[in-house]
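Fold and geometry: a report
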Amino acid sequence: VGCVLSGIAGYVGMWVAVRSNVRVASAATRSFQEAVAVGLRAGAFSGILVVAMVLLGIIALLFTVRVLVPVHLHKLPFLLVGYSFGASFVALFAQLGGGIYTKAADVGADMVGKVESDIPEDDPRNPAVIADLVGDNVGDCAGRGADLFESIAGEILAAMILGGGLSKNLPQDVQNGYVLFPLAIHAMDLVISGVGVMMTEVPKGAKANNIDPMEVLKSGYKISVALAAVGIVVLCRLLLYTPTHPSAWQNFAMCGLLGLGTAFLFILVTQYYTDFNYPPVKQIAQASITGHGTNVIAGMAVGMRATAAPAGIISIALLASYKLGRSAFEGVANAGLFGTAVATMGMLSTVAFVLAMDVFGPITDNAGGIVEMSEQPEHVRDITDILDAVGNTTKAITKGFSVGSASLACFLLFSAFLDEVEEISGVAVGAIDLANPEVFIGGFAGATLVFYFSGQCMTAVGSAAQEVVNNVRNQFRERPGIMDGSQKPDYTSCVSIVTQAALREMISPGLIAAFVPLSVGFAFRLISSTSDPLIGAKAIAGFLMFATVAGVLFAIFLNTAGGAWDNAKKYIEKGVHGGKGSAAHKAAVTGDTVGDPCKDTAGPALHVLIKLLSTITLVCTPLFVADAHLQA
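What counts and how
- Residues numbered from 1 in each chain as written.
- Predicted model: local features only at pLDDT ≥ 70, side-chain atom pairs only at ≥ 80, totals over all residues.
- Heavy atoms only, no water.
- Phe/Tyr/Trp six-rings, centres within 6.5 Å; stacked < 30°, edge-to-face > 60°.
- Helix = DSSP H or I, 4+ residues; strand = E, 2+ residues; numbered from the N terminus.
- Buried < 20%, exposed > 50% of the residue type's maximum accessible area, 1.4 Å probe, protein only.
- Salt bridge = Lys/Arg side-chain N within 4 Å of Asp/Glu carboxyl O.
- Core = buried A, V, L, I, M, F, W, Y, C linked by side-chain atoms within 4.5 Å.
- Contact = heavy atoms within 4.5 Å.
- Patch = residues over 30% accessible without salt bridge, like charges linked within 9 Å, V, L, I, M, F, W, Y side chains within 5 Å.
- Areas by Shrake-Rupley, 256 points an atom, 1.4 Å probe, with all protein chains shown as cover.

**Describing the packing of aromatic side chains**
- For the structure shown, the criterion picks out 16 aromatic pairs.
- Arranged with centres 6.0 Å apart and planes meeting at 35°, the rings of Phe-252 and Phe-329 form a pair that is tilted. Of this pair, Phe-252 sits in helix 7 (residues 248-274) while Phe-329 sits in the loop between helix 10 (308-328) and helix 11 (333-347), and the two are 77 residues apart along the sequence. With respect to burial, Phe-252 and Phe-329 carry one shared label: buried.
- Relative to Phe-546, the ring of Phe-440 has its centre 6.4 Å away and its plane inclined at 80°; by these criteria the two rings are edge-to-face. Of this pair, Phe-440 sits in helix 14 (residues 437-478) while Phe-546 is found in helix 17 (residues 535-573), placing the two residues 106 residues apart along the sequence.

**Describing the pattern of salt bridges**
- Evaluated as defined, the whole model comprises 16 salt bridges.
- The salt bridge involving Arg-30 is made with Glu-34; its shortest N-O contact spans 2.8 Å.
- On the accessibility criterion, Arg-30 (52% relative accessible area) is exposed.
- Between Lys-103 and Asp-106 there is a salt bridge, with its nearest N and O atoms 2.8 Å apart.

**Description of the nonpolar core**
- With 205 residues, the main nonpolar core has Ile-58, Phe-149, Phe-252, Phe-329, Phe-338, Phe-417 and Phe-453 as its most contacted residues.
- For this core, the element with the highest residue contribution is helix 17, accounting for 20 residues.
- Those residues in contact with Phe-252, other than ones at most four positions away along the chain, are Leu-166, Tyr-178, Cys-236, Leu-240, Gly-325, Ala-328, Phe-329, Ala-335, Phe-338, Gly-339 and Val-342.

**Comments concerning a nonpolar patch on the surface**
- A cluster of nonpolar side chains, Val-67, Leu-68, Val-69, Phe-78 and Leu-79, forms an exposed patch at the surface whose accessible area comes to about 510 Å².
- Position of Val-67 among the secondary structure elements: in helix 2 (residues 32-68).
- The exposure class of Val-67 is exposed, given its relative accessible area of 68%.

As structure tokens, this is what we get:
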């Protein structure tokens, strides 16, 4: 069920985008205000549908499984872990395949079109332009829809498991509230995000050159955040109140508000590092004046610096929510974990609006391509260019949001994994000792997998892009009339190249992600289980810790650097440092080309990878516990 619904979520995102981009292009010919409204509402349709499908899938399975397996509600979430695993597995391939498709086409189009042939972006003379525009939908809509579907599904189930575990010792009449709380939060999200979207509008009479569209989108988001804050407090009082601990719901409400604040801080930090109205992107543009190399160095530096603030925000939110939750039930460890789960739910309480902003990006990007190819007046292209630049920022925001929620979710899934080991073996795992060589080697393997997997993704994009570049060069050489319009390019060949490359190249990284964690845990179980029957599980615990930390930081670096490079190019195209066609612009195009596979292939795939590692180890826990210990 998770596989099917995750696939549908990706398809719906793409279906909406391809029908909305022409409407945004048409709206841009009339007014800036209408273009913003149409783009955001189209994205909202996709966002609300994805969240609704996650909820319907889990609710339907709860009813079905309860009929087949008559157990108490607080035990049912353990039986639904496969739903999250299926969603994660499909999301990995959707994100990988979509990322390879879109960035191979984009890199190929930019390298030959902009750098070698000096033709504008989205120019119909470029044979790779159609593949590029299709790729925006495949990668940013289909891939991100499946990505956020599995994020929401995994985090809901983890919170339901922890809520069920915590509520076992509570009065019967309040147990169900702790299990159903995550579902209630996301049902609320559908309403408040819809209200926020409908209340987002550009002030009347505003022109594209005197108002920042990002501020317009944030004004609507602030409305959703305010409504979510009220909703979280109300739901905590209704579902988490218990007579034996009358003030516990207040602690959990504070955890939810903390998560909501964390999400807003992530948006502000990501905007600072990727929006050209702030110093980091301007520094990259300035570095472009002195050449291609300095542009790349500046972009990498921005990406590296950008890891500090999110890491600090995640750490504070994790520790504070854990302490608040633990104090709600006088030091019960499960209460601390549930506090972290409520904070994660708070962070995701506006996810439908965030997904709307994400899908806004590729829709406006495609609208710009349609405007360019239909030879609309310059002022129309100016509107779509501004919206496209904002779309780069909103896409970066969604990636940052996804990484932040993934890091909190992985902490919950890590705790669930240790509980599962204890349930199977009958012995508490206790502390994970890094001085143990098997645990340390397992951690080393986890961190290594993150970098090797990312390298596989980048290699896949590079190989496919080379095929596109060669094809486009051959077409320009064999059909000289393309440049003056007397001959038409063969768009189909480029689409065929990137489609086949995406399907072919995503297999190896996907198999590595699935089999490496299982191999590590099972190998240490066979080698060292005579001295410690739980050593396989402990090695996997080290693997998960290192992989999560390395994956989160590396994903933030890749996403932020790629977004900053892209918007540095957009900033120069506004006329700064010589504008389009200048030496600085060509250097910025190189930086954008380097950043493309970082922000749209490797970075987003890492979000899915770290959650997939947690879910696959949770599902396969019995493989890591020695049989002799089970029999004992």
